[in-house]
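# Fold and geometry: a report
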There are 2 protein chains.
Amino acid sequence: MTARNVTRKRNGDERRRELCDAAIQVLAEHGSRGLTHGRVDRCARVPEGTTSYYYRTRAALLRGVGTRIAEIDVTNLQSVIDEPRDPLSPFAHLAELVMMQADGTGLMLNRARHELLLAAVRDPDLAATSQAFGARINTMTHEATAHLQPGTDDPALLDAQTTAVTTFIAGVFTRLIGGDRTINDAGQLARLLEAVATAVSLQAQRT
Amino acid sequence: MTARNVTRKRNGDERRRELCDAAIQVLAEHGSRGLTHGRVDRCARVPEGTTSYYYRTRAALLRGVGTRIAEIDVTNLQSVIDEPRDPLSPFAHLAELVMMQADGTGLMLNRARHELLLAAVRDPDLAATSQAFGARINTMTHEATAHLQPGTDDPALLDAQTTAVTTFIAGVFTRLIGGDRTINDAGQLARLLEAVATAVSLQAQRT
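Reference entry: report on the structure contained in this document. Here the structure is a predicted model, which means the values were calculated and not measured. (Residues numbered from 1 in each chain as written. Chains lettered and ligands numbered in written order. Predicted model: local features only at pLDDT ≥ 70, side-chain atom pairs only at ≥ 80, totals over all residues. Heavy atoms only, no water.)

## Things to note about the relation of the copies chain B and chain A
Here two copies of a chain appear, and what relates them is a rotation about an axis with a shift along it. How we decide: The copies are overlaid by a least-squares fit using only the C-alpha atoms of residues whose pLDDT is at least 70 in both copies. Contacts were defined at the residue level, with two residues in contact if any of their heavy atoms lie within 4.5 Å.
At an RMSD of 0.0 Å, chain B and chain A line up after a rotation of 180° and a shift of 0.0 Å along the axis. Both copies of the chain, as the preceding transformation shows, are related through a two-fold rotation axis. Among all residues of chain B, the minimum C-alpha distance to the rotation axis is found for Gly171 of chain B, at 1.8 Å. When the interface residues of chain B are mapped onto chain A, 100% of them are again interface residues, pointing to one common binding face.

## Quick word on the packing of helix 5 (residues 92-99) of chain B against helix 8 (residues 155-177) of chain B
All names here are of chain B. Basically, it comes down to this: For every element, the axis is a line fit to its C-alpha atoms; helices are fit only across the contacting stretch, and the angle between N-to-C directions ranges from 0 to 180 degrees. Under the DSSP-based scheme used, a helix requires at least four consecutive residues in state H or I and a strand at least two consecutive residues in state E, with every element numbered from the N terminus. Each angle gets one of four labels, with under 35 degrees taken as roughly parallel, over 145 as roughly antiparallel, 65 to 115 as roughly perpendicular, and the rest as oblique. Helix crossings get a hand from a simple test, with the near helix turned counterclockwise from the far one by less than a right angle marking a left-handed crossing and a clockwise turn marking a right-handed one. Asp, Glu, Lys and Arg are counted as charged, while Ala, Val, Leu, Ile, Met, Phe, Trp, Tyr, Cys and Pro are counted as nonpolar; the rest, among them Gly, fall into the polar class.
One way to put it is that helix 5 packs onto helix 8 with a least axis distance of 10 Å and a crossing angle of 30°. In terms of axis orientation, helix 5 runs roughly parallel to helix 8. You can see that helix 5 and helix 8 cross each other, and the crossing is right-handed. Together, Leu94, Val98 and Met99 of helix 5 and Val165, Ile169, Val172, Phe173 and Leu176 of helix 8 make up the contact between the two elements. Of the residues that constitute the contact of helix 5 with helix 8, the class distribution is eight nonpolar, no polar and no charged.

## Describing a negative patch on the surface
Residues and elements named next belong to chain A. As a reminder of what qualifies: Candidates for patches are residues over 30% relative accessible area with no salt bridge; among them, like charges are joined within 9 Å and nonpolar side chains (Val, Leu, Ile, Met, Phe, Trp, Tyr) within 5 Å. The method behind every accessible area is Shrake-Rupley, applied with a 1.4 Å probe, and residues are considered shielded solely by the protein chains displayed. What makes a salt bridge here is a side-chain nitrogen of Lys or Arg within 4 Å of a carboxyl oxygen of Asp or Glu, nothing more. Here the positive residues are Lys and Arg and the negative ones are Asp and Glu; neither His nor the chain ends is included. All charge positions are set by atom: Lys at NZ, Arg at CZ, Asp at CG, Glu at CD. Using a 1.4 Å probe on the protein chains alone, a residue whose accessible area is under 20% of its type maximum counts as buried, one over 50% counts as exposed, and one in between counts as partly exposed.
On the surface, a cluster of negative charge is contributed by Asp82, Glu83, Asp86, Glu96 and Glu143. Tracing the backbone shows Asp86 in the loop between helix 4 (58-82) and helix 5 (92-99). Asp86 gets classed as partly exposed once you look at its relative accessible area, which sits at 34%.

## A short note on the environment of Arg10 of chain A
Residues and elements named next belong to chain A. By secondary structure assignment, the location of Arg10 is in helix 1 (residues 3-30). For Arg10, a relative accessible area of 49% translates into the label partly exposed. For the pair formed by Arg10 and Leu109, sequence separation is 99 residues and the distance between their alpha carbons is 24 Å.

## Observations regarding the packing of aromatic side chains
Residue and element names in this part refer to chain A. So the rule is basically this: Pairing of aromatic side chains requires ring centres within 6.5 Å, counting the rings of Phe and Tyr and the six-membered ring of Trp. Pairs whose planes differ by under 30 degrees are stacked, by over 60 edge-to-face, and all others tilted. Note on criteria: charge over ring means Lys NZ or Arg CZ within 6 Å of the ring centre, with the direction from the centre no more than 35 degrees off the ring normal.
Counted according to the given criterion, the structure contains two aromatic pairs over all chains. Each ring, one from Tyr53 and one from Tyr54, has its centre 5.1 Å from the other, and the planes form 90°; the classification is edge-to-face. The side chain of Arg113 reaches across the aromatic face of Phe173, ending 4.8 Å from its centre.

Here's what the structure looks like:
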């Protein structure tokens with residue numbers, strides 16, 4: 001690849017990322033129903049036709065957005081795995097990342113993710129994209145749970161803890177979408193997540 | 001009210017319910033983007049224009065659907081409150097009701113509920129309808145949690161348990177929408193819900 005081609009590829013990747021970030025905002029503000037190439041162009045402040053050039057169809061644009069959201073989720077999860085465990089509040093960092101999706105750009109991401117979840121019901125290609133990333137994110141979530149709950153050697157227990165913690169987080173995301181702030185701060189959520197993981201472990205010991 | 005008016009009102013209510021059930025199916029199958037009065041007419045097998053007659057605008061139709069879904073949720077929650085508590089598996093009946101939303105008409109309801117949650121972001125009237133029912137459902141959920149976890153006299157603890165259990169259930173609904181069957185049967189879910197409620201109670205005792 002020549003130097004010029006490398007630059008062009010990098011610029012293309014950056015442009016795609018910009019367009020997807022704009023599409024996330026459009027999805028969050030106007031819903032799946034309001035997502036059009038033109039609206040993404042205007043939101044990204046790029047010349048008319050740019051989004052159509054990079055993402056020919058609406059389905060391709062949705063897959064691009066799905067990939068972008070998964071990239072952000074992967075980066076966040078990696079930071080949970082990399083951060084040294086806080087023995088006083090092991091779930092503190094994870095809880096902070098979740099609560100960042102309560103407002104601002106985090107809330108947009110949260111809403112866009114849910115729009116895609118529903119759109120994937122009618123779009124097998126989008127569902128396949130989500131599933132591919134879902135598998136990777138699932139593996140990382142296992143790793144994160146093992147990191148936050150050390151001493152869990154039993155894979156079945158780790159599986160059960162991961163399921164419980166991620167289900168709980170999915171529920172928090174759903175609450176936040178509609179502005180439900182029953183769970184309102186990262187400290188409260190960190191305690192709840194720890195309680196959930198501990199409860200699953202206690203239950204496993206009893207049975 | 002004359003006998004004829006009473007009959008007319010009852011017929012009107014029944015017709016509205018039929019139309020809303022059809023709209024739930026349309027929302028689940030075609031998304032918010034695909035919801036049109038004409039599609040609801042065809043799905044309900046009623047003459048063209050019927051849905052427009054009962055629900056003049058799209059917003060009115062969405063509010064009708066929101067009311068219908070809340071009615072179903074209220075009926076389900078009431079059955080949890082009314083059913084004698086099973087001491088061996090207190091959350092069994094609630095878990096069965098949740099898992100009914102994994103497929104068939106239950107999954108349609110689940111998907112339509114999420115479509116409305118996202119639509120309410122852009123529709124203050126719909127958000128107000130949801131909040132009004134949300135408050136009632138919240139009170140009933142408290143009652144159900146108190147029924148399933150007797151001996152919880154502390155209102156703050158009951159509050160925390162209700163929050164944790166409903167958040168977990170919201171997460172299960174979200175998983176089921178995309179066909180994620182990590183949580184796959186009512187028995188598994190009943191144990192998880194019990195673990196969550198117990199965990200919150202244990203944590204409260206420690207602090």
